[in-house]
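Read off the chains here:
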Amino acid sequence: MIELERLRKEFRAPGGRTTLAVDDVSLTVQRSETVVIVGESGSGKTTLTRLLLGLLRPTSGTVRINGVDLATSSGADMKRLRREMQVVFQDPYSSMNPKLRVVDIVAEPLVTHEPKARGRAGRAWREARVDELLSAVGLEPGAARRYPHEFSGGQRQRISIARALALNPSIVVLDEPTSALDVSVQAQVLDLLAALKRELGLTYVFVTHNLAVASQIADRVAVMKDGAVVEIGPAGTLFEQPQHEYTRTLLDAVPVPDPSRSRLRAARSRVAR
Amino acid sequence: MTTVLSIEKLSVDFELGTETVHAVRDVSLDLAEGETLAIVGESGSGKTATALSILQLNPVPPAVYRSGTIRFGAHDLLALPEARLRAIRGNDIAMIFQDPMTSLNPLKKVGRQIGETLQLHRDVSRRDTRSAVVEALAQAGVPRPDERAEQYPHELSGGLRQRAMIAMALVTRPKVLIADEPTTALDVTVQAQILELLVQLQDRHGMAIVLITHDLGVVADVADRIAVMRSGEIVEEQPCEPLFAAPQHEYTRSLLAATPRLAGASEGA
Ligand SMILES: Nc1ncnc2c1ncn2[C@@H]1O[C@H](COP(=O)(O)OP(=O)(O)OP(=O)(O)O)[C@@H](O)[C@H]1O
Ligand SMILES: Nc1ncnc2c1ncn2[C@@H]1O[C@H](COP(=O)(O)OP(=O)(O)OP(=O)(O)O)[C@@H](O)[C@H]1O
Ligand SMILES: [Mg+2]
Ligand SMILES: [Mg+2]
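Per-chain numbering applies: the sequence of each chain, read as written, is numbered from 1 onward. The lettering of chains begins at A and the numbering of ligands begins at 1, in the order of writing. Since the coordinates come from a predicted model, pLDDT governs what is reported: local features require at least 70, and pairs of side-chain atoms require 80 or more to be given and counted, while whole-chain, interface and lining totals use all residues. Computation of side-chain values: all heavy atoms of the structure, hydrogens and water removed.

Draft legend 1. Representation of helix H1 (residues 45–52) of chain A. All names here are of chain A. Exposure is judged per residue with a 1.4 Å probe applied to protein chains only, and the accessible area is read against the type maximum: over 50% gives exposed, under 20% gives buried, and values in between give partly exposed. Numbered from the N terminus, helices here are DSSP runs of H or I no shorter than four residues, and strands are runs of E no shorter than two. A large share of H1 lies buried, amounting to six of its eight residues. Of the positions making up H1, those classed as buried are Lys-45, Thr-47, Leu-48, Thr-49, Leu-51 and Leu-52. Looking at the residues trailing H1, positive phi occurs at Gly-54, about 75 degrees.

Put into structure tokens, the structure is as follows:
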């Protein structure tokens, strides 16, 4: 479904300095598979997702979605792909037009791609669909009439998720979609994603720093460091028998929700004594 | 221990024409020198609105400070005029915002922004500013800090932006740090490094921290006390160990039960 081949992305600053954000990454994602990308902050996870969405042009390498090479695809192909691929950005607020009400933000992809959602005639259908989506992510129907700046961080994240799911896409790219959610809402959102995958066969590329979330939803996990995928494998295997040193370091640093097992706390009380 | 900050019976509404959101309802909280108070709870429960009230940073309108006082030293922060608050913000009380882009200016290099914060509140030379900025970025776990200082926010990853903001908040060595989800964009190793830095600043300089987070692992690492919020109210407040060992409120119990754990998840799958 998604084929990334020897992808590289260099950012060149005006001063001449270059950052190699993605360094020779090859990765395939099957239909109905959930691939979770974890790894170092600044290792190229967001850049990789932007390359696969066609929002950035790779320095070299190819991106193929359903066999279509993004670099050489026709306008019609791209239009179809834009409908099929949806995204939840790492910073949801900056991807929302602050002048639009939530109902119009969530309906944006519907209006763009679905004739029956347009204009006056489409209004009832559109609003019903938006209500359904908002309640699926745990927001009250009244939210539809408000503006994005009138919401908490986690509420905005959910608006962004609702928008991404509006069109029943076949691929959804989610960049840290639950980082501002409390654990109950997070569980609700993860259940929703799992249900859609079961019912509609969705494919997810999911970026997160939360390894517990990764282990819960991933079919496969890819670990990134310094622009490269250093390890990839089924979630169970990777978390139980990590091969790469960096994966072990990460697993070792996950904080445990139990103060009696906190290393930092223990070290601090030793010093205090 | 001396109390540095004391919120008493704070209520904040957002008036949205057709409806009024009671975002904060009668919240009282005390913060002692060198202490970390964690605020956890439901998304939309008023954690950020409470934190922003401390420096009067909620947007007015639609925000209305209905009632309450926020004592800091001899001042009631809720009654202080804007000019007086400006001298306190980023100086005695610094803030790490939930959304880094609200505090970073997209048009200025991050190093310059951090330097300006320092120069606004401290009498430092240009050369000393430059080295303090690089030092602050390095402490916040930014690799190649001298190069990063020369970049614009959009050239940084989500987690680098968050670390730039942490550096900006800490560069003046504030007495009180209000950190709203400060590590959400960080991998767990960098997160651990930041938590160690915060703890160090507390132990050395007595900095007090209000830490808002959804990550109960982080709470277990650094919190002295925990307040649990739901629908604008504090439903439970306890020191860290007893809260985890014997949560009193039904909602706290459900939060702890719903926390995904690494080992459990892989066993279940
Ligand atoms: N537009 C840009 N211009 C210059 N450099 C960039 C740009 N976008 C990203 N970079 C750099 O590319 C590298 C990878 O960034 P990216 O955002 O992909 O990281 P990430 O893995 O998503 O990190 P995080 O977990 O912190 O969000 C970083 O060094 C970043 O500073
Ligand atoms: N500027 C605003 N205008 C109107 N309503 C607002 C505004 N900011 C917040 N609210 C509302 O006030 C309530 C409390 O929001 P707040 O941002 O404090 O939540 P939070 O506990 O920080 O949630 P999260 O964990 O999702 O960040 C929410 O119902 C939110 O929709
Ligand atoms: Mg990122
Ligand atoms: Mg918040």
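Picking up after the structure, the text goes on.
Draft legend 2. Molecular detail of the packing of helix H5 (residues 153–165) of chain A against helix H6 (residues 183–200) of chain A. Residue and element names in this part refer to chain A. With axes taken as lines fitted to C-alpha atoms, and helix axes fitted only over the stretch in contact, angles between N-to-C directions fall between 0 and 180 degrees. Where H5 contacts H6, the two axes come as close as 12 Å, and the packing angle between them is 5 degrees. If you check the angle between H5 and H6, you find them roughly parallel. In this structure, H5 uses Arg-158, Ile-161 and Leu-165 to contact H6, whose residues at the interface are Val-185, Val-189, Leu-192, Leu-193 and Leu-196. Note on residue categories: nonpolar means Ala, Val, Leu, Ile, Met, Phe, Trp, Tyr, Cys or Pro, charged means Asp, Glu, Lys or Arg, and polar means any other residue, Gly included. Class assignment of the residues belonging to the contact of H5 with H6 gives a composition of seven nonpolar, no polar and one charged. Any angle between 65 and 115 degrees counts as roughly perpendicular, while under 35 counts as roughly parallel, over 145 as roughly antiparallel, and the rest as oblique. Two residues form a contact once any of their heavy atoms are found within 4.5 Å.

Draft legend 3. Spotlight on unusual backbone geometry. All names here are of chain B. Residues Val-60 and Pro-61 are joined by a peptide bond in cis, for which omega reads -20 degrees. Secondary-structure assignment places Pro-61 in the loop between helix H1 (47–54) and strand S4 (63–72). For the peptide bond that leads from Pro-61 to Pro-62, omega is 5 degrees, which places it in the cis range. For Pro-62, the position within the fold is in the loop between H1 and S4. Positive phi outside glycine occurs at Lys-9, with the angle close to 50 degrees. Relative to the assigned elements, Lys-9 resides in strand S1 (residues 3–16). A positive phi is found at Ser-231, a non-glycine position, where the angle reads about 45 degrees. One can find Ser-231 in the loop between strand S9 (225–230) and strand S10 (233–239).

Draft legend 4. Fine view of the coordination of the magnesium ion (ligand 3). Residue and element names in this part refer to chain A. All of the protein donors around the magnesium ion (ligand 3) are Thr-46 (OG1) and Gln-90 (OE1); their distances to the metal are 2.0 to 2.3 Å. In this pair, Thr-46 is assigned in helix H1 and Gln-90 in the loop between strand S6 (85–88) and helix H3 (102–113), connecting sequence segments 44 residues apart. Note on Gln-90: relative accessible area 22%, which makes it partly exposed. Shown as donors are all N, O and S atoms within 2.8 Å of a metal ion, widened to 3.2 Å for Na, K and Ca; because water is not in the atom set, sites may appear incomplete.

Draft legend 5. Representation of the site of ligand 2 in the model. Not every one of the 25 residues close to ligand 2 is listed here, only the nearest: A:Ser152, A:Gln155, B:Ser43, B:Gly44 and B:Thr48. By the criterion applied in these results, polar contacts are pairs of N or O atoms within 3.5 Å in which, for protein atoms, one can donate a hydrogen and the other can accept it, and in which residues neighboring in sequence qualify only through two side-chain atoms. A distance of 3.3 Å separates an oxygen atom of ligand 2 from a polar atom in the backbone of A:Gly153. Within the contact set of ligand 2, an oxygen atom lies 2.9 Å away from a side-chain nitrogen or oxygen of B:His214. Bound to the protein, ligand 2 loses 94% of the 640 Å² it would expose on its own. Class assignment of the residues belonging to the shell around ligand 2 gives a composition of nine nonpolar, 12 polar and four charged. Neighbouring residues are identified by heavy atoms, a residue being near a molecule or strand if any of them is within 4 Å of it. Surface exposure here means Shrake-Rupley accessible area, sampled with a 1.4 Å probe, where a residue is shielded only by the protein chains that are shown.

Draft legend 6. Structural view of the environment of A:Ala180. Secondary-structure assignment places A:Ala180 in the loop between strand S7 (171–175) and H6. Separated by 25 residues in sequence, A:Ala180 and A:Gln155 have C-alpha atoms that sit 8.3 Å apart. Not counting residues within four places of it along the chain, the set of residues in contact with A:Ala180 comprises A:Gly153, A:Gly154, A:Gln157, B:Ser43, B:Gln98 and B:His214.

Draft legend 7. Representation of the pairing of S9(B) within the structure. Residues and elements named next belong to chain B. Counting buried residues along S9, five of its six residues qualify, which places the element largely inside the surrounding structure. Across five bridges, strand S3 (residues 36–41) lies against S9 in parallel orientation. Paired with Gly-41 across the strands is Met-229, a residue of S9. For two strands to pair, DSSP has to find at least two bridges joining them. Relative to S10, S9 runs antiparallel, the two being bridged by six bridges.

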